[in-house]
Amino acid sequence: MKQYNTLYTEYSEKMNPDCPFSDYPRPRLVRDSYFCLNGEWDFAVAGEEIPEVFSERILVPFPPESALSGIERRFSRGERLYYKRTFNLPEGFIRDRVILHFGAVDQIADVWLGGVKVAHHEGGYLPFSVDVTEALSEGENTLVVKATDDLSHDYPYGKQRRRRGGMWYTPVSGIWQTVWLESVPKEYIEEIRISANMRSATLKILGGEDKKRLTLADGTVYEFEGNELMLEPRDIHLWSPENPYIYDFTLESGGDSVRSYFALREIGMKEISGVPRLTLNGEPYLFNGLLDQGYFPDGIYLPATAEGYRDDILAAKSYGFNVLRKHIKVEPGIFYSLCDRLGMIVFQDMVNNSGYSFLRDTALPTLGMKRLPDRFLHPRQKSREIFIEHMLDEIAYLDSYPSVLYYTVFNEGWGQFESDKMYALAKAAAPDKIIDTTSGWFTGKMSDVDSRHVYFKPIKIKKPPTRPLVISEFGGYSHRVGGHLFGEKNYGYSIFESQGELEEALIRLYECEVGEAIRMGASGFIYTELSDIEDETNGFLTYDRRRKKLDPSKIKPVMDKLKEMVSSLNKT
């Protein structure tokens, strides 16, 4: 029996039911060829073999556990989810090759086109693609997807749990991002990887012909050969949340043409008055953010439209925040692109796998046991290998987005093993980013920052840190807003009955505790959290995003004063 309320965001009223999430899904490599396969598909639940009868309809890309999918139910271990869709390609669509793309399918996907198996993919958070040219028919084509999701802890699974409640949420399965096709020439640009600093951007291009031509939006043209180009714009505009300047460009290679962008910015570390601090573009900067877990009540892992992402970012900015810590989840590319263009730094978590122990990973550290050797933790070789592969793939997927400046490898000991080795792997993959190896506790020797979680007690920095200090989780103040609640249960760290009480407590927290922590050397703060999620009611926004629980006109001036405090450090 259903034990919760189905809440709907205002975005569900604006959604295109024929083809939801039809925005171009790959904002860092835009090609004119685009055929979206979102919309209604046939759906069935069966065993290992493809069923003959598909008796239900599902709205892709929403996971079947969500209300927006039209299914809204959960599934048992051993049940396999099957999707079927027929389509005809538009006349003139096919050039030389046709690529089929999936934004994400949780956890394991098998794909058939015209009865021919064309793909197998493992891992539920990252995109994958396959060349399906040889399997296409001239007329009608039938696409079948089998999704296997037994919530195996070998694979990244984040905050999903079969018995949801408290800090654990409704699990999702199957297709949960855009499915689409594009047509490309025989020699085509497969990927553009970009690294940048305050002076230049270096592009590494995979695929395409040897001769290439890049044109910036201002008309500057670079003609070059090979797969690497360093750009030094004539007019330097540095990217920041206050001025999110983007350089758009077009890259041509033979018969292929794509659009992309970069930004000039640099996160680093500097000792100021004997205290190491994080910097943005060479200056001390207050990295002031919110924990963002990316859940929505009607789509669970997705908002009904991309406006849901945009408005979350703008809501955070309206309070004076400049960071979203994307917590144990990877989003579609459009989220990161919006952060790039709207001006929001992303602290990106890896997605945990392996088992979680409340006693070891939460209770004892909260009581003070924050040292634990991790060499022999989570020793299962398969899950270790999967975590490493996913970590490196996640960095490769996200590292070129200008807003992504910081990676968290392990959170609160969950799935943690050989953290110093994991730091080395992550740092080699992202040498220009900050690597937070162990957020919360169980710290090893190797990490760019000292990353602490503070709940149930005041933030107190007893002595100046030896590494840049980030309070990577704190707060969690709870306030329930009637008419916007998922259910009767409540999960939070301090409970306030009215908006006024919540605002007073929050202002006091930032003016007193956060302000003093800044003076003692802290560089960043991540408050829990952006929005309510199911039982958790500690968000700045209600779960349905229809109410702000605090008044931005009261909160933003406090944040601005703290920002000025940090900006003044370089002058003293």
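Predicted, not measured: the structure shown is a model, and the values here were computed from it. (Residues numbered from 1 in each chain as written. Predicted model: local features only at pLDDT ≥ 70, side-chain atom pairs only at ≥ 80, totals over all residues. Heavy atoms only, no water.)

K.L.:
Explanation requested: the nonpolar core in the structure shown.
P.N.:
Generally speaking, a soluble globular protein has its nonpolar side chains buried in company with each other. F287, I345, F474, Y510, F525, Y527 and F540 are the most contacted members of the largest nonpolar core, which has 114 residues in total. By residue number, the principal contributor to this core is helix α6 (residues 499-519), which donates eight residues. Contact partners of F287, with chain neighbours within four places excluded, come to I267, L278, T279, L280, N322, V323, I345, F347, S523, G524 and F525. Within the second largest apolar cluster, 33 residues are counted, among which are A119, F128, V132 and A135. (Core = buried A, V, L, I, M, F, W, Y, C linked by side-chain atoms within 4.5 Å. Buried < 20%, exposed > 50% of the residue type's maximum accessible area, 1.4 Å probe, protein only. Helix = DSSP H or I, 4+ residues; strand = E, 2+ residues; numbered from the N terminus. Contact = heavy atoms within 4.5 Å.)

K.L.:
Would you take a moment to explain the packing of aromatic side chains for this structure?
P.N.:
Think of a pair of aromatic rings as described by two things: how far the centres are apart, and how the planes are tilted against each other in angle. For the coordinates displayed, the defined rule picks out 47 aromatic pairs. Seen in terms of ring centroids, Y285 and F287 are 5.1 Å apart; in terms of plane orientation they differ by 70°. Their pairing is edge-to-face. The burial state of Y285 is the same as that of F287; both residues are buried. The rings of Y319, F321, F474, Y477, F496, Y510, F525, Y527 and F540 are connected pair by pair, giving a single aromatic cluster. Here the guanidinium or amino end of K329 rests over the ring plane of Y301, the centre of that ring lying 4.7 Å away. (Phe/Tyr/Trp six-rings, centres within 6.5 Å; stacked < 30°, edge-to-face > 60°. Lys NZ or Arg CZ within 6 Å of the ring centre and 35° of its normal.)

K.L.:
Honestly, the environment of F474 in this entry has me stumped. Any pointers?
P.N.:
The residue F474 is located in strand β29 (residues 469-475) in this model. For F474, the contacting residues outside a window of four places in its chain are V454, Y455, I459, L509, Y510, V514, F525, I526, Y527 and T528.

K.L.:
Looking at this structure, how should I read the pairing of strand β13 (residues 189-196)?
P.N.:
Side-chain positions along a regular strand alternate between the two faces of the sheet. Judged from the seven bridges that link them, β13 and strand β14 (residues 201-207) form a sheet pairing that is antiparallel. What sits directly across from I189, in β14, is G207. In this antiparallel pair of consecutive strands, β13 and β14, the connection spans four residues. (Pairing = 2+ DSSP bridges.)

K.L.:
Sorry, what's going on with the sheet that holds strand β23 (residues 287-292) here?
P.N.:
Pairing between the strands of a sheet comes from backbone hydrogen bonds, and it takes one of two forms, parallel or antiparallel. Taken in spatial order, the eight strands make up an open sheet running β27-β26-β25-β24-β23-β32-β29-β28, and their pairing is parallel. With one partner strand each, in any of the chains shown, β27 (434-439) and β28 (450-454) form the two edges of the open sheet. Between one strand axis and the next, the sheet turns by 25° as a mean value, whatever way the strands run. Sheet analysis places strand β24 (residues 323-326) next to strand β25 (residues 345-349), joined by four bridges and oriented parallel. Looking at the pairing, L324 lines up with V346 of β25. Its contacts with the sheet put helix α2 (residues 333-342) on β23, β24, β25 and β26 (404-411), and the angle it makes with β25 is roughly 145°. Along the sheet, helix α5 (residues 419-429) contacts β26 and β27; its crossing angle with β27, the most-contacted strand, is approximately 160°. (Axes fitted to C-alpha atoms, helices over the stretch in contact; angles between N-to-C directions.)

K.L.:
Explanation requested: the packing of helix α1 (residues 307-318) against α2 in the structure shown.
P.N.:
For any two helices packed against each other, the geometry is given by the interaxial angle and the distance between the axes. One way to put it is that α1 packs onto α2 with a least axis distance of 9 Å and a crossing angle of 40°. Between α1 and α2, the interaxial angle falls into the category oblique. Crossing geometry of α1 relative to α2 is assigned as right-handed. Note on element contacts: α2 touches α1 through I334, F335, L338, C339 and L342, opposite Y309, R310, I313, L314 and K317. Looking at the contact of α1 with α2 residue by residue, the class counts come to eight nonpolar, no polar and two charged. (Parallel < 35°, antiparallel > 145°, perpendicular 65-115°, else oblique. Left-handed = near helix turned anticlockwise from the far one by under 90°. Nonpolar A, V, L, I, M, F, W, Y, C, P; charged D, E, K, R; others polar.)

K.L.:
Just to check I follow, could you spell out the sheet that holds strand β17 (residues 228-231) for this structure?
P.N.:
Read across the sheet, three strands follow the order β13-β14-β17 without closing on themselves; strand pairing throughout is antiparallel. At either end of the open sheet lies a strand with only one pairing partner, and these are β13 and β17. Ignoring which end each strand starts from, the neighbouring axes of this sheet average 20° apart. As defined by bridge partners, β14 adjoins β17 across four bridges and the pair is classed as antiparallel. The residue bridging A201 from the neighbouring strand is L231, located in β17.

K.L.:
I'm lost on unusual backbone geometry in this one. Help?
P.N.:
Peptide bonds are trans in most cases, and residues, glycine excluded, mostly fall at negative phi. Note that the residue after D106, namely Q107, is joined by a cis bond; omega there is -10°. In this fold, Q107 is placed in the loop between β6 (105-106) and β7 (108-113). In this structure, E529 follows T528 across a cis peptide bond, with omega equal to 10°. Mapped onto the fold, E529 is located in the loop between β32 (522-528) and α7 (552-567). The phi torsion at S273 lies on the positive side, around 50°, for a residue other than glycine. Examined against the element boundaries, S273 turns out to sit in the loop between β20 (267-272) and β21 (275-280).

K.L.:
Help me out: how do you make sense of the pattern of salt bridges in this one?
P.N.:
For side chains bearing opposite charge, pairing can occur when the charged atoms are close. Counting across every chain of the model gives 44 salt bridges. Here D218 makes a salt bridge to R234, at a shortest N to O gap of 3.9 Å. Here the residue D218 occupies a position in the loop between β15 (211-216) and β16 (221-225), and R234 occupies one in the loop between β17 and β18 (247-253), the gap between them amounting to 16 residues. By the burial criterion, D218 is exposed, and R234 matches it. Ionic pairing is found between K326 and D292, a salt bridge with its closest N-O pair at 2.9 Å. With K326 in strand β24 and D292 in strand β23, the pair connects residues that are 34 residues apart, well separated along the chain. You'll find K326 and D292 in the same group, each marked buried. Where salt bridges share partners, they join R26, R31, E182 and D256 into one cluster. (Salt bridge = Lys/Arg side-chain N within 4 Å of Asp/Glu carboxyl O.)

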